[in-house]
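Structure at a glance
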Amino acid sequence: MTQAAPATAAAMPTPRRTLITGVAFALAAAMAYGSSQVITRQIIGNMAPPLVGTLISLFWGTLGFALLSARNLGDRGDHFGRGALFFAAGGLFSAMGVLLMFYALGLGQVVVISPVLATNPLFTLLFASIFLRGVERITPRVVLGALLVVAGVVVLSAF
Amino acid sequence: MLAIVLAIGAAASWGMSAVLVRHGLRDLSTSMGTLLSLTSGLVVTAVLVAALQLDALLAVSWRGIALFGLIGILNFPMGRFFNYMAMGRLGVGRSTPLLASSPLFAVMIAVLFIGEHITLATGAGIALILSGLLVTITAPK
């Protein structure tokens, strides 16, 4: 598995190979998430409350990932503490998002809540433009792409 | 109204999570970062379940545990690791719209393997997502 990206990598032009592998990884992630959505909807049904289901999934996922990547965890780099803090905080925000989603779905209708949840890429771009200034450039074309994808997901989830 | 505010909070939390991870990727390997983010999420979720839904956890069947395990493997070792790999290569800006296309794959799988039909609205949604992906992938750095 990979080493930490150098701090200057984002400022350099993306080589073609990096672009292709990056797109492939992103689409593979989207496919994995999409498959789990289908399994959740079709098979799991009402086997457990969503929060409990998330805990069991997270447990197996964390265990599986720890076993698969055990040999690649040795290199800690020069700024382990700082990086660990960012990733741990990222994990906390992610878990908080899941919790808020469950409460929102418990209080409102799926047809209303799902499209709102689907707007999360727009928040990502907004926060990236504020907190990743100097690290990444959010171009109008990237914003347009995100708007089109969000619109498509909203249409899929609302109908 | 409260439900919508909570949903906006969820969307904003995921957005902030992605930005924090992007910062973390400058210092740690994707493997280590994925494991740390999974572990922190697991701890928080475990505390919440212990406090709010412990009875429900103890009542889950072995079949349920196995199926949730399958979802866990798809979502975390595969989904989240590939997500961070993409983020490290493309940055948050370009990887975010690609990752957000997961409902497109859910629809494709449902049509191919479960026999669901594509409606006009589904077709329009797919067309919008595909055009968004095209615009993002071909965007200059």
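All values reported here derive from a predicted model rather than from experimental measurement. (Residues numbered from 1 in each chain as written. Chains lettered and ligands numbered in written order. Predicted model: local features only at pLDDT ≥ 70, side-chain atom pairs only at ≥ 80, totals over all residues.)

**Things to note about the overall build of chain A**
Helix and strand content of chain A: 6 helices and 0 strands. Among the 159 residues that make up chain A, the fraction classed as buried is 44%. Sequence-distant contacts in chain A: of pairs separated by 6 or more residues, those separated by 24 or more amount to 69%. (Helix = DSSP H or I, 4+ residues; strand = E, 2+ residues; numbered from the N terminus. Buried ≥ 20, exposed ≤ 12 C-beta atoms within 10 Å, placed from the backbone. Contact = placed C-beta atoms within 7 Å.)

**Looking at the nonpolar core**
Judged by nonpolar contacts, the single largest core of 89 residues is most densely connected at A:Ala26, A:Ala29, A:Ala30, B:Ala7, B:Ala10 and B:Ala86. Take this core: its biggest share by element is 17 residues, from helix H4 (residues 62-99) of chain B. When residues of this core are assigned to domains, at least three fall in each of domain 1 (2-91) and domain 2 (101-141) of chain B. Those residues in contact with B:Ala7, other than ones at most four positions away along the chain, are A:Met101, A:Ala104, A:Ile113, A:Val116 and A:Leu117. (Core = buried A, V, L, I, M, F, W, Y, C linked by C-beta atoms within 7 Å. Domains from an automatic or database assignment.)

**A word on the interface of chain B and chain A**
Counting from both sides, the interface comprises 109 residues of chain B and, opposite them, 113 residues of chain A. With 32 residues, H4(B) is the largest single contributor of residues to the side of chain B that touches chain A. A breakdown of the residues in the side of chain B that touches chain A according to their chemical character gives 66 nonpolar, 37 polar and 6 charged. (Nonpolar A, V, L, I, M, F, W, Y, C, P; charged D, E, K, R; others polar.)

**Focus: the domain arrangement of chain B**
Per the domain assignment, the segments making up chain B are domain 1 (2-91) and domain 2 (101-141). Distance between the C-alpha centres of domain 1 of chain B and domain 2 of chain B: 24 Å.

**Details of the packing of helix H5 (residues 120-131) of chain A against helix H1 (residues 2-24) of chain B**
At their nearest, the axes of H5(A) and H1(B) sit 7 Å apart, and the two run at 45° to each other. On the basis of their axis angle, the class for H5(A) and H1(B) is oblique. Handedness of the H5(A)/H1(B) crossing: right-handed. Along the contact surface, H5(A) presents A:Asn120, A:Phe123, A:Thr124, A:Leu126, A:Phe127, A:Ala128 and A:Phe131, while H1(B) presents B:Ala11, B:Ala12, B:Trp14, B:Gly15, B:Met16, B:Ala18 and B:Val19. Counted by class, the contact of H5(A) with H1(B) contains 11 nonpolar, 3 polar and no charged residues. (Axes fitted to C-alpha atoms, helices over the stretch in contact; angles between N-to-C directions. Parallel < 35°, antiparallel > 145°, perpendicular 65-115°, else oblique. Left-handed = near helix turned anticlockwise from the far one by under 90°.)

**Digging into the environment of A:Ala151**
Looking at the element boundaries, A:Ala151 is found in helix H6 (residues 140-158). When the C-alpha positions of A:Ala151 and A:Asn120 are compared, they lie 12 Å apart, and in sequence the two are 31 residues distant.

**Here's the deal with the packing of helix H2 (residues 30-52) of chain B against H4(B)**
Residues and elements named next belong to chain B. Where H2 meets H4, the axes come as close as 10 Å, and the angle between the chain directions of the two elements is 130°. It follows from the interaxial angle that H2 and H4 lie oblique. For the pair H2 and H4, the sense of crossing is right-handed. Contacts between H2 and H4 involve Thr-30, Gly-33, Thr-34 and Leu-38 from the first element and Phe-76, Arg-80, Phe-81, Tyr-84, Met-85 and Gly-88 from the second. Partitioning the contact of H2 with H4 into residue classes produces 5 nonpolar, 4 polar and 1 charged.

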